[in-house]
Amino acid sequence: MHASLTPGTAIDHLAARLHRLPASCGPVRLIGVDGHAGSGKSTFAGRLARALDGAPVLRLDDIASHDELFDWTGRLQTQVIEPLSHGETAHYAPYDWHARRFRDPVPLPPAPVILVEGVGAGRRALRPYLAFLLWMDLPPAESWARGRSRDGEEQREFWDGWVAAEEKHFAADPSRPFADGLVRQCAEGYELRPGPAGTLETDHIITLREGPSAMW
């Protein structure tokens with residue numbers, strides 16, 4: 001049974017639930033938003049961050065690099081997890097995908113809720129620090145087709161390498177089986193359903209009417 005709610009109500013309900021969770025990394029509630037590349041993680045995380053009163057969003061695209069598409073756990077641990085776990089401001093160096101280098105470090109204060117968005121946000125090494133894990137429940141082939149369409153022909157070679165790397169990563173370290181909630185796109189926005197971890201009490205239809213871009 002789904003609870004049909006007015007626009008914004010369900011996302012606010014989810015935000016309130018996340019605020020009530022116990023801290024998971026020092027004083028911070030880390031919320032993972034994982035899924036295949038092209039599945040809509042960034043858009044959904046941005047909408048959820050606004051419902052969370054402007055919660056910071058750590059994008060794993062800033063942690064990964066061309067040379068380390070998925071082998072970035074140590075850098076995340078050192079630059080982000082360790083300081084936050086001590087209630088200190090983290091400083092991480094975002095990666096510039098065009099210049100192929102890391103930029104100057106930027107601060108990430110220990111806010112009450114921080115979203116960690118990107119492929120691998122629910123990986124084994126990160127799960128002990130997560131208060132909640134959301135999985136964008138779009139099949140890989142459909143996600144990748146959307147991502148390729150979004151990025152254009154100039155990124156075709158990169159996408160060929162990425163797909164192989166993502167398949168290898170999730171084969172060895174899957175995230176979806178540990179998700180607390182599954183986020184699925186529907187005609188008017190998103191649906192939120194209980195995930196395999198089974199920590200959601202009810203299903204909610206999240207209706208976000210923000211135009212075509214909200215579906216990416």
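All of the points below concern the structure found in this document. (Residues numbered from 1 in each chain as written. Predicted model: local features only at pLDDT ≥ 70, side-chain atom pairs only at ≥ 80, totals over all residues. Heavy atoms only, no water.)

When you go through the chain residue by residue, the secondary structure sums to five helices and twelve strands. For the chain, with 216 residues in total, the buried portion stands at 49%. (Helix = DSSP H or I, 4+ residues; strand = E, 2+ residues; numbered from the N terminus. Buried < 20%, exposed > 50% of the residue type's maximum accessible area, 1.4 Å probe, protein only.)

Turning our eyes to something else, we now look at the environment of Pro-174. Inspection of the secondary structure assignment puts Pro-174 in the loop between helix H5 (156-172) and strand E10 (181-186). With 50 residues separating them along the chain, Pro-174 and Arg-124 place their C-alpha atoms 8.0 Å apart.

Moving on: the environment of Asp-12. Within the element layout of this structure, Asp-12 appears in helix H1 (residues 9-20). By relative accessible area, Asp-12 is classed as partly exposed at 43%. The sequence separation of Asp-12 and Leu-52 amounts to 40 residues, and the corresponding C-alpha distance is 7.8 Å.

Here we take up helix H3 (residues 73-85). With 13 residues, H3 should cover 18 Å at 1.5 Å per step; its first-to-last C-alpha distance of 15 Å lies more than 12% under that length. Of all the bends in H3, the greatest reaches close to 30° and is centred on Gln-79; the proline Pro-83 follows between one and four positions later. Within H3, the full set of buried residues consists of Arg-75, Leu-76, Val-80, Ile-81, Pro-83 and Leu-84. Buried residues along H3 sit in contact with strand E2 (29-34), strand E3 (57-59), strand E4 (90-92), strand E6 (101-102), strand E7 (106-108) and strand E8 (113-117). Directly beyond the C-terminal end of H3, a positive phi value near 75° is found at Gly-87. (Expected span 1.5 Å × (residues − 1). Bend = angle between axes of the 7 residues up to and from the residue. Contact = heavy atoms within 4.5 Å.)

Now for the pattern of salt bridges. Here the structure, examined in full by the defined rule, presents seven salt bridges. Linking Arg-124 and Asp-173 is a salt bridge whose minimum nitrogen-to-oxygen distance equals 3.9 Å. Note that Arg-124 is positioned in the loop between E8 and strand E9 (130-136) and Asp-173 in the loop between H5 and E10, a separation of 49 residues in sequence. With a shortest N-O distance of 3.9 Å, Arg-127 and Asp-173 are connected by a salt bridge. You can see Arg-127 sitting in the loop between E8 and E9 and its partner Asp-173 sitting in the loop between H5 and E10, a full 46 residues away along the chain. (Salt bridge = Lys/Arg side-chain N within 4 Å of Asp/Glu carboxyl O.)

Now for the nonpolar core. Core analysis: the biggest nonpolar cluster contains 34 residues, and Leu-30, Leu-58, Leu-76, Leu-84 and Leu-108 have the highest contact counts within it. Looking at this core, the elements that each hand over two or more residues are H3, E4, E8, E9 and H5. What Leu-108 contacts, discounting residues up to four positions off in sequence, is Pro-56, Leu-58, Val-80, Leu-84, Thr-89, Ala-90, Tyr-92 and Ile-114. Ala-15, Leu-18, Val-113 and Met-136 belong to the second largest nonpolar core, which has 22 residues in total. (Core = buried A, V, L, I, M, F, W, Y, C linked by side-chain atoms within 4.5 Å.)

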